[in-house]
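One letter stands for each residue in the lines below.
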Amino acid sequence: FDNEAVMTIGDIAVDWESNYIWVGTGENNSSRSSFAGLGMYLSKDGGKTWEHKGLPESHHIGRIILHPTDPNTLWVAALGHLYSPNKERGIYKTTDGGNTWTQSLFVNENAGAIDLMVDPQNPTILYAATWERTRRSWNFTEAGEGSGIYKSADGGDSWQKISGGKSGFPGTSGTGRIGLSCSVENGQTILFAVLDNYDRRAKEVKKETEGLTKEQFRTMSDEKFSSIDNEKLQEFLEDNGFPKKYSAKKVKSMILDGTMKPVALLEYLEDANSLLFDTPVIGAELYRSDDNGTNWSKTHEGFLDDLFYSYGYYFAQVRTHPTNPNEVYLFGVPVIRSIDGGKTFSEINADNVHSDHHACWINPNRDGHVIIGNDGGVNISYDAGEHWIKCNSPAVGQFYSVTLDNATPYNIYGGLQDNGVWKGPSNYKARDRWHATGQYPYEGISGGDGMQVAVDLRDNNTVYTGFQFGNYFRIDVENGDRKYITPKHELGERPLRWNWQTPIHLSVHNQDIFYMGSNKVHRSFNQADDFETISKDLTKGGKKGDVAFGTLTSIHESPLKFGLLYAGSDDGLVHCSMNAGQSWTSCNTGLPTDRWVVTVEASAHKKSRVYLAMNGYRWDDFNAYLYVSENYGKDWKSIATGIPAESVNVIHEDEKNENILYVGTDNGLYISLDRGDSWQSFQGNLPAVSVHDVAIHSKTEDIVLGTHGRSFWKGSVKAIRQMDNELLAEAIHVFDVKKIRRNSFWGNSWSQWYEPNIPEVDILVYAKQASQLKFEIKNEAGLSISTWKAQAKEGLNKFTTDLSIPEAVAKKLNAKLNSKDKIKAADNKQWFLPIGKYELIVTGNGNSNSTNIVIE
């Protein structure tokens, strides 16, 4: 599924008899990077080819259920748009193999279907779970009265609600995401439903002897504050990370002299992230029904704490053994297992099992055989979770960023979704050999959700990076030393607002100078030991909600002038400072409102030029937004013409050729050779994956992509950079071929059981129009060594040769070579070019061009 119009997947269903594969696109989670899909796809040849089968506005598919005996009948749980209301959500049914669909269950414009199952004993009986949620950039309402469980007794043509009311299953405005499963025991279908319950817990009465909590300061009087024991207050300040300058004695004096109120201690800590984690919701609950959903009962007493925390919207799935209702798996941050039908649970994570679990399959025919999928990959157990195998060969890393250093070979750094920050050598190519050697070239250097990285190129060792919401460190990679560097607000001020992907920037003018962006710009002159704030709030001021918003998302300093700074925000603002932050000017004239700034980049070629990329994904707007300004952001010109309707994640200007721009979107990579006047796909063999970041190495001219779904990819822009107007006017142009070292293993193998070593040399050819090309290699004496033909498409082409030559030619060459230089036939009976200098001539449509091939 690497080359379709969308890559994100919510569910897969397979008809094992026909080998038909159904794919429902769009992730079934509703998190920050849960990207939308385009509906249903079908492959009738085991995945070789795909056809689109409708439901494009479903955006997120929760589940696909195939009829057990009728291959043309299936049902789909469509969750609908994430960031906007729409009617194309609920349960859909087709009886003609997806040619037409009927919407048989619709609740409201914000409630879609998240889960679906068919009674294994009767395919006319189905159960569906709906989920009402409203997500905005600044807030996520994770529950609503549109959430519930429905039953159909007529094959999904009509539905009746079986939750809420007197059913025993909650039906309040706090009803969140629901997951379904069932088992069959003694001829009876037993239903299970896990609920992310967003109703609030009853407040616990804290004992007076316990330590202080921030909530106590919300309504505390000055008088009561003054009576707090200093040791308790000091302990509270230290436990909550207050700067050392705020001692208990200092804080009390600030209260007593009226500088601030006790509530300031609460407000110092209360940001969107704390609201997310501190929300006292009921959380995960498991319910069971033994009468086909008429009545439900909770399987356990008390709370299932430390499973969902307060973000069950990312989880809320349950799996039960098909024939044993006592074996139940719930997955959240850990995965937990019950062997008594959900009364009690035990955790079955292991050392090689990542957290944040989203998928589980239980083998109905072999006890203990379980497969789980999580934010760290796939694990398999054959003893019900006592031991796990990690199966992570597919390179499906979700990188937010990519950064390169100047070591030899240079290293690639990147921040991964929920998998920390990694570093590895650029000459490594993904393969599984490290399983045998134990030497994996990449190493993790930071945890959490890995974010942006900056490397001090003076030593290729000092690294600035961190995890979500602005938690950044300066790391000495060689010895592992690290220092927490995130700037803090002052007591009495509201917390700084840090984006999930906090922007950082290391000055190219002096790499002691480091920038970070909250809702303000912060600068350090001493490698982040100390910061000064050099801007006011450069956003619209934020909005009340449980998601950090009103934050900076991009910071860049002109490589041509120190102190020429740009900053962009998640609420659509762009600002420029031409005096190192002493003053800032709005740069929003002519720009769309409320679109997320993903990249603002000052040109490396012209001081007044700046590029801008904006993203409408969080408004369910998938248009491409790309701009250039030639006057420091005072006026903008759209340069998006030619980019499909795909959300843009990054724009990057080529540092050597000012006409070349690179753009990464949610479906691939694009390039412009004329500064944005026109664009073309720059995919090659790159999957149609979301490209989140682009970096180009200054010495090697490699281009490295951070993709959100297919890890790192590396290519070369050496030839691309030469494609100026003069070259593009040529009918044919063959680029220089790098020197080749001859190897005695060419055509040979150390064992008869292994394939011989065959040299491969890439030849890049630009053809102004599609044509058949003739390739000819001649030696310095003019002897024609080898010829072959290949079809060229219009534009840049890559051809590969193995440097083999005809036997008759080899014998002619040997006749003129010294005995020590004579060549021999290889084990595979082929002859290969000897050491020397040759001319490669490429001809087509009556035109030709040539370059040298040098074999050392």
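It should be emphasised that the depicted structure is a prediction, and the values quoted were computed from it without experimental measurement.

**Comments concerning the overall build of the protein chain**
Okay, step 1: When helices and strands are counted, the protein chain shows eight helices and 62 strands.
Okay, step 2: Taken over the C-alpha trace, the protein chain has a radius of gyration of 31 Å; the compact-globule value for 856 residues is 29 Å, and the two agree within 12%.
Okay, step 3: Viewed in the frame of its principal axes, the protein chain has a C-alpha envelope of about 100 × 75 × 50 Å.
Okay, step 4: Expressed as a percentage of the 856 residues in the protein chain, the buried residues total 56%.
Okay, step 5: Taking as baseline every contact in the protein chain between residues at least 6 positions apart, the subset at least 24 positions apart corresponds to 52%.
Okay, step 6: Counting every atom, the protein chain has about 37,900 Å² of accessible surface; 47% of that belongs to carbon and sulfur.

**Some remarks on the side chain of E653**
Okay, step 1: Here E653 shows up in strand 47 (residues 648-653).
Okay, step 2: Although E653 is buried, it forms no salt bridge, and the closest oppositely charged side chain is R609 at an N-O distance of 4.4 Å.
Okay, step 3: There is a polar contact of 2.7 Å between the side chain of E653 and the backbone nitrogen of A604.
Okay, step 4: When neighbours within four sequence positions are excluded, E653 is seen to be in contact with E601, A602, S603, A604, H605, R609, Y611, E658, I660 and L661.

**A short note on the sheet that holds strand 34 (residues 482-484)**
Okay, step 1: Taken in spatial order, the four strands line up as 31-32-33-34 in an open sheet, and their pairing is antiparallel. If you trace the sheet from one side to the other, it starts and ends with strand 31 (453-455) and strand 34, each paired once. Sheet twist, expressed as the average angle between the axes of neighbouring strands with direction ignored, equals 20 degrees.
Okay, step 2: Of the pairings in the sheet, the one linking strand 33 (residues 471-476) to strand 34 comprises three bridges and is antiparallel in character. Its bridge partner lying in strand 34, I475 is registered against R482.

**So, a nonpolar patch on the surface**
Okay, step 1: Taken together, F745, W750, W753 and Y754 make up a surface patch of nonpolar side chains, about 640 Å² in accessible area.
Okay, step 2: With respect to the helices and strands, Y754 occurs in the loop between strand 54 (732-734) and strand 55 (761-767).

**Quick notes on helix 3 (residues 248-256)**
Okay, step 1: Of all the positions in helix 3, only A248, V251, K252, M254 and I255 are classed as buried. Buried residues of helix 3 fall within an arc of 160 degrees about the axis and therefore sit on the same side. Projecting away from the buried face of helix 3 at angles above 90 degrees are the exposed residues K249 and L256.
Okay, step 2: Among the structural elements, helix 1 (222-226), helix 2 (230-239) and helix 4 (263-269) are those in contact with the buried residues of helix 3.
Okay, step 3: With its phi angle positive at about 80 degrees, G258 sits one or two positions after the end of helix 3.

**Looking at the side chain of H575**
Okay, step 1: Positionally, H575 belongs in strand 41 (residues 574-577).
Okay, step 2: A relative accessible area of 8% places H575 in the buried class.

**With respect to the sheet that holds strand 38 (residues 532-533)**
Sheet strands pair by backbone hydrogen bonding; their relative direction is either parallel or antiparallel.
Okay, step 1: Spatial strand order, 35-36-37-38: four strands in an open sheet with antiparallel pairing. In the strand order of this sheet, the two ends are held by strand 35 (504-506) and strand 38, each with one partner.
Okay, step 2: Bridging between strand 35 and strand 36 (residues 514-517) involves three bridges; their strand directions are antiparallel. What sits directly across from H505, in strand 36, is Y515.

**Focus on the pattern of salt bridges**
Two side chains that carry opposite charge are able to pair once their charged atoms sit near each other.
Okay, step 1: Summed over all chains, the structure comprises 36 salt bridges.
Okay, step 2: Put simply, E490 and K245 hold a salt bridge, and the shortest N to O gap is 2.9 Å. With E490 in the loop between strand 34 and strand 35 and K245 in the loop between helix 2 and helix 3, the pair connects residues that are 245 residues apart, well separated along the chain.
Okay, step 3: Note that K656 and E701 form a salt bridge whose closest N and O atoms lie 3.9 Å from each other. Note that K656 is positioned in the loop between strand 47 and strand 48 (661-665) and E701 in the loop between strand 51 (691-696) and strand 52 (702-707), a separation of 45 residues in sequence.
Okay, step 4: One salt-bridge network, held together by shared partners, links E215, R218, E267, E270 and R494.

**Remarks on the environment of S711**
Okay, step 1: Looking at the element boundaries, S711 is found in the loop between strand 52 and strand 53 (712-716).
Okay, step 2: Distance from S711 to F399, taken between C-alpha atoms, is 6.2 Å for residues 312 residues apart in sequence.
Okay, step 3: Sequence-distant contacts of S711, that is, excluding residues within four places in its chain, are made with A395, V396, G397, F399, L705 and G706.

**Thoughts on the packing of aromatic side chains**
Okay, step 1: Counted under the stated rule, the structure contains 33 aromatic pairs.
Okay, step 2: Taking the centre distance of 4.6 Å and the plane angle of 65 degrees together, the rings of F140 and Y313 count as edge-to-face. Here Y313 lies in the loop between strand 18 (297-298) and strand 19 (317-321) and F140 lies in strand 12 (residues 140-141), a separation of 173 residues in the sequence. Each member of the pair F140 and Y313 is classed as buried.
Okay, step 3: It is R133 that lies over the ring of W131; its NZ or CZ is 5.6 Å from the centre.
Okay, step 4: Note that K543 overlies the ring of W138, its terminal NZ or CZ placed 3.8 Å from the centroid.

**Let's talk about unusual backbone geometry**
One can expect most non-glycine residues to show negative phi and most peptide bonds to be in trans.
Okay, step 1: Cis geometry marks the peptide bond from T408 to P409, where omega comes out at -10 degrees.
Okay, step 2: On the secondary structure map, P409 appears in the loop between strand 27 (403-404) and strand 28 (411-416).
Okay, step 3: Of note in the backbone geometry, H59 takes a positive phi value of approximately 65 degrees without being a glycine.
Okay, step 4: On the accessibility criterion, H59 (6% relative accessible area) is buried.
Okay, step 5: For Y632, which is not a glycine, the phi torsion comes out positive at approximately 60 degrees.
Okay, step 6: Inspection of the secondary structure assignment puts Y632 in the loop between strand 45 (625-629) and strand 46 (637-638).

**Some points on the nonpolar core**
Okay, step 1: Grouped together as the largest cluster of nonpolar side chains are 40 residues, with contacts concentrated most on I149, F169, I178, L180, W296 and L330.
Okay, step 2: Sorting the residues of this core by element identifies strand 9 (111-118), strand 10 (126-132), strand 15 (175-185), strand 16 (188-200), strand 17 (281-289) and strand 20 (324-331) as the ones contributing at least two each.
Okay, step 3: Broken down by element, this core gets its largest block of residues, seven residues, from strand 16.
Okay, step 4: Judged by nonpolar contacts, the second largest core, of 31 residues, contains A792, F799, A826 and I853.

Rules used throughout
- Residues numbered from 1 in each chain as written.
- Predicted model: local features only at pLDDT ≥ 70, side-chain atom pairs only at ≥ 80, totals over all residues.
- Heavy atoms only, no water.
- Helix = DSSP H or I, 4+ residues; strand = E, 2+ residues; numbered from the N terminus.
- Rg over C-alpha atoms; globule rule 2.2 N^0.38 Å.
- Buried < 20%, exposed > 50% of the residue type's maximum accessible area, 1.4 Å probe, protein only.
- Contact = heavy atoms within 4.5 Å.
- Areas by Shrake-Rupley, 256 points an atom, 1.4 Å probe, with all protein chains shown as cover.
- Lys, Arg positive; Asp, Glu negative; His and termini not counted.
- Salt bridge = Lys/Arg side-chain N within 4 Å of Asp/Glu carboxyl O.
- Polar contact = N/O pair within 3.5 Å; in protein donor to acceptor, adjacent residues only side chain to side chain.
- Pairing = 2+ DSSP bridges.
- Axes fitted to C-alpha atoms, helices over the stretch in contact; angles between N-to-C directions.
- Patch = residues over 30% accessible without salt bridge, like charges linked within 9 Å, V, L, I, M, F, W, Y side chains within 5 Å.
- Arc of directions from axis to C-beta.
- Phe/Tyr/Trp six-rings, centres within 6.5 Å; stacked < 30°, edge-to-face > 60°.
- Lys NZ or Arg CZ within 6 Å of the ring centre and 35° of its normal.
- Core = buried A, V, L, I, M, F, W, Y, C linked by side-chain atoms within 4.5 Å.

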